[in-house]
Amino acid sequence: MSSTRAKSAPRTATILTAVLLLLVAWPEAAQAHKVFLFAEIQGDTIVTDSYFSKSKKVQGGRIKVFDPRDNLLLEGRTDDQGAFSFKVPQKTDLKLVVEAGMGHRGEWLIKAEDLPDVEGRPVAAKAEPSGEAKSPEPAAQASPAVQVDPEAIQRAVEKALDSRLKPIAHAIAELNRDRGPSLNEIVGGLGYIFGIMGLVMYFRARKNH
Amino acid sequence: MHISEGVLSVPVLLSGAALTAAGTAVGLKKMDYDRLPQVAIMAAVFFVASLIHVPIGPSSVHLILNGLLGVLLGWSAFPAILIGLTLHAVLFQFGGLTSLGVNTLNMALPAVVCFYLFGPWIRNPRSALASTACFLAGFGAVFLASLMMGLSLFLTGESFVQAAQLIVAAHLPVMIAEGIFTAIAVQFLKKVRPEVLHVIYAR
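Residues numbered from 1 in each chain as written. Chains lettered and ligands numbered in written order. Predicted model: local features only at pLDDT ≥ 70, side-chain atom pairs only at ≥ 80, totals over all residues.

1. Quick notes on the overall build of chain B
Let me state the cut-off plainly: Helix and strand assignments follow DSSP, with helices taken as H or I runs no shorter than four residues and strands as E runs no shorter than two, numbered in order from the N terminus.
Within chain B, the secondary structure is distributed over eight helices and two strands. In sequence order, chain B lays out its α and β elements as α-α-β-β-α-α-α-α-α-α.

Shown next as structure tokens:
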């Protein structure tokens, strides 16, 4: 008994060391497998950003835009910065898909109500398209008493908000999506593997009794 | 190496799932349950290895270690890889649950092929020969997996030569890295725990 223990100790130790070494190498690692697509609406243009990780953009990836019935509306390729932009094709829900080759695929959905009217006139009152940040919206309702073209004010405000909120929208998107596997998930996964092993061993041991 | 959800056509997904189920059944049937901890440890190593990432060209690739699993586990590589990939899909959203069958097949079948091709050489007392066999197992498993991946994409409509060329080229550095890693790992195991190799190749 004690001899088997002594024998298995070095093996367990080496394997644990190997696993730990792999874990240590992990922070550099993230995001080999998922591709992210992020889109934002700037005026009547949709600007997309596709990336594997913060530093690794999707270069020459194929972007496809679908309507709600999965009809292809348009497609294009990302540039060296992972960017691709296009005019809003129609005011319906849009599904954006990036195909980055080798089976990598990412999606982003745009809701119809976030899109401006296609005719070029900005849609009323709705200043910031991304639903998460709407606190500055009251600013968009300019006082009607002022003797200035309210539409001009609205456009100016929208433009200013667009540029101001862009970094925030980006940050939110990255918080939501650009998250590599956390240590918790990795350790949890290892736990599942050994848990399954334990279960199988338990039931086999019972059967053999 | 993980194909995402929504890329492959339904027939490809279904046949992948069916073949993976068959391979897993064979793996479980052939498994010596005294070696279950070893299978679990290799599943854990596979699970973690995919987090090591090598940025290459237009895409990015990562260690797979299916060759190492193949030579150490034989057919049991199927259940080990299936569990590793299931956890990848559920915890990290790498690949996906619908493409799980195809992804498992793409990585596990080359592992089994390398087990039969190179396994018998690995116990050869001449260490140069054994190391070469290990290198070829690590290299070949990723090479075959790349071809299988190209085939999956081809069956869905991409041009095979183009897809396969791209995937093989992108994984070339990984093949070399895996070949070296497999050779070192197996030589190390031979010194420290030779019976790990004896058990599977004795039968």
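2. A few points about the overall build of chain A
Heads up, the condition is: Residue burial here comes from a neighbour count, namely the number of other C-beta atoms, placed from the backbone, that lie within 10 Å of the residue's own C-beta, with 20 or more meaning buried, 12 or fewer meaning exposed, and in between meaning partly exposed. Remark: residues whose backbone-derived C-beta atoms lie within 7 Å of one another are considered to be in contact.
The helix and strand tally for chain A stands at three helices and seven strands. The linear arrangement of helices and strands in chain A, starting from the amino end, is α-β-β-β-β-β-β-β-α-α. Scored against the burial criterion, the 209 residues of chain A give a buried share of 24%. Across chain A, the fraction of contacts at a sequence separation of at least 24, relative to all contacts at a separation of at least 6, is 53%.

3. Considering the sheet that holds strand S5 (residues 83-87) of chain A
Residue and element names in this part refer to chain A. Convention followed: Here, a strand pair is defined by DSSP locating no fewer than two bridges between the strands. In this analysis an axis means a line fitted to C-alpha atoms, helices contributing only their contacting stretch, and an angle means the value between N-to-C directions, from 0 to 180 degrees.
Read across the open sheet, the three strands follow the order S1-S2-S5; overall the sheet is antiparallel. In this open sheet, the two edge strands, each paired with only one partner strand, are strand S1 (36-42) and S5. The sheet shows a mean angle of 20 degrees between the axes of neighbouring strands, direction not considered. One ladder, built from five bridges, connects strand S2 (residues 45-51) with S5; its direction is antiparallel. Within S5, the residue paired with Ile46 across the bridge is Phe86.

4. Here's the deal with the nonpolar core
Rules: The term nonpolar core refers to a set of buried Ala, Val, Leu, Ile, Met, Phe, Trp, Tyr and Cys residues connected through C-beta atoms within 7 Å.
Grouped together as the largest cluster of nonpolar side chains are 79 residues, with contacts concentrated most on Leu69(B) and Ile81(B). Elements represented by at least two residues in this core include exactly helix H3 (183-208) of chain A together with helix H1 (10-30), helix H2 (36-49), helix H3 (66-73), helix H4 (77-92), helix H5 (100-122), helix H6 (127-156) and helix H7 (160-192) of chain B. Sequence-distant contacts of Ile81(B), defined by excluding residues within four places in its chain, comprise Phe46(B), Asn66(B), Leu69(B), Thr104(B), Met107(B), Ala108(B) and Ala111(B). Membership of the second largest hydrophobic core comes to 19 residues, among which are Phe38(A), Ile63(A), Leu96(A) and Leu115(A).

5. Focus: H2(B)
All names here are of chain B. Cut-off, in case you're wondering: Here a helix's expected span is defined as the number of its residues, less one, multiplied by 1.5 Å.
For H2, spanning 14 residues, the distance from its first C-alpha to its last is 20 Å, which sits close to the expected 20 Å at 1.5 Å a residue. For H2, a buried count of 12 out of 14 residues is recorded, marking the element as mostly surrounded by other parts of the structure. If you check which residues of H2 are buried, you get Gln38, Val39, Ala40, Ile41, Met42, Ala43, Ala44, Val45, Phe46, Phe47, Val48 and Ala49.

6. What to know about H3(A)
In a regular helix each residue adds 1.5 Å, so 26 residues correspond to 38 Å; H3(A) covers 37 Å between its end C-alpha atoms and thus fits that length. Within the span of H3(A), buried status applies to Ile186(A), Gly189(A), Leu190(A) and Ile193(A).

7. A word on the environment of Asp70(A)
Residue and element names in this part refer to chain A. Summarising the element assignment, Asp70 is placed in the loop between strand S3 (62-66) and strand S4 (72-77). Given 7 C-beta atoms within a 10 Å radius, Asp70 is considered exposed. Residues Asp70 and Leu94 lie 24 residues apart in sequence; the distance between their C-alpha atoms is 9.1 Å.

8. Structural notes on the sheet that holds S3(A)
Either a parallel or an antiparallel arrangement is found when strands of a sheet pair, and the pairing is made through backbone hydrogen bonds. Residues and elements named next belong to chain A. Across the sheet, four strands lie side by side as S4-S3-S6-S7; this open sheet has antiparallel pairing. Sheet topology places S4 and strand S7 (104-110) at the edges, where each strand pairs with a single neighbour. Between one strand and the next, the sheet's axes are offset by a mean angle of 20 degrees, whatever the strand orientation. Alignment of S3 against strand S6 (residues 94-101), held across five bridges, turns out to be antiparallel. Bridging from a neighbouring strand, Val65 pairs with Leu96 of S6.

9. Regarding the pairing of S7(A)
Residues and elements named next belong to chain A. Taken across its seven residues, S7 has five buried, putting it largely inside the fold. Bridge analysis of S6 against S7 gives seven bridges, and the strand direction is antiparallel. In the strand pairing of S7, Val97 is matched with Glu107. Between S6 and S7, which pair antiparallel and follow one another directly, the connecting turn spans two residues, one of which, Met102, has a positive phi of 50 degrees.

10. Observations regarding the packing of H3(B) against H5(B)
Helix-helix packing: each pair is described by the crossing angle between the helix axes and the interaxial distance. All names here are of chain B. Cut-off, in case you're wondering: Each angle gets one of four labels, with under 35 degrees taken as roughly parallel, over 145 as roughly antiparallel, 65 to 115 as roughly perpendicular, and the rest as oblique. What makes a crossing left-handed is the near helix being turned counterclockwise from the far one by less than a right angle; a clockwise turn instead makes it right-handed.
Running from amino to carboxyl end, H3 crosses H5 at an angle of 55 degrees, the nearest separation of the two axes being 7 Å. Taken together, the axes of H3 and H5 are oblique relative to one another. Note on packing geometry: the crossing formed by H3 with H5 is right-handed. Between H3 and H5, the contacting residues are Asn66, Gly67, Leu69, Gly70 and Val71 on the first element and Met107, Ala108, Pro110, Ala111, Val112, Cys114, Phe115, Phe118, Gly119 and Ile122 on the second.

11. With respect to the environment of Phe78(B)
Residues and elements named next belong to chain B. Assignment of secondary structure puts Phe78 in helix H4. Phe78 sits in the buried class, given 31 other C-beta atoms within 10 Å. Sequence-wise, Phe78 and Ala21 are 57 residues apart; in three dimensions their C-alpha atoms are separated by 8.9 Å. If sequence neighbours within four positions are ignored, Phe78 has contacts with Gly23, Thr24, Val26, Gly27 and Ala108.

12. Let's talk about the confidence of the model for chain B
Filter applied, for reference: A residue's pLDDT is simply how confident the predictor is in it, with values from 0 to 100.
Here chain B averages 87 in pLDDT, while 94% of its residues score no lower than 70. Per the prediction output, this complex has pTM 0.70; the corresponding ipTM is 0.81.

13. Digging into unusual backbone geometry
All names here are of chain B. Residues other than glycine seldom take positive phi values, yet Leu65 does so here, at roughly 65 degrees. Within the secondary structure, Leu65 is located in the loop between strand S2 (59-62) and H3. Note on Leu65: 30 C-beta atoms within 10 Å, which makes it buried. Here the phi dihedral of Gln93 falls at roughly 60 degrees; this positive angle occurs in a residue that is not glycine. Along the chain, Gln93 turns up in the loop between H4 and H5.

14. Quick word on the packing of H3(B) against H4(B)
Residues and elements named next belong to chain B. The condition that has to hold: Only Asp, Glu, Lys and Arg are considered charged, only Ala, Val, Leu, Ile, Met, Phe, Trp, Tyr, Cys and Pro nonpolar, and every remaining residue, Gly among them, polar.
Axis separation between H3 and H4 bottoms out at 9 Å; the angle between their running directions is 140 degrees. Mapping the contact onto sequence places Asn66, Leu69, Gly70 and Leu73 in H3 and Ala77, Ala80 and Ile81 in H4. When its residues are assigned to classes, the contact of H3 with H4 shows five nonpolar, two polar and no charged.

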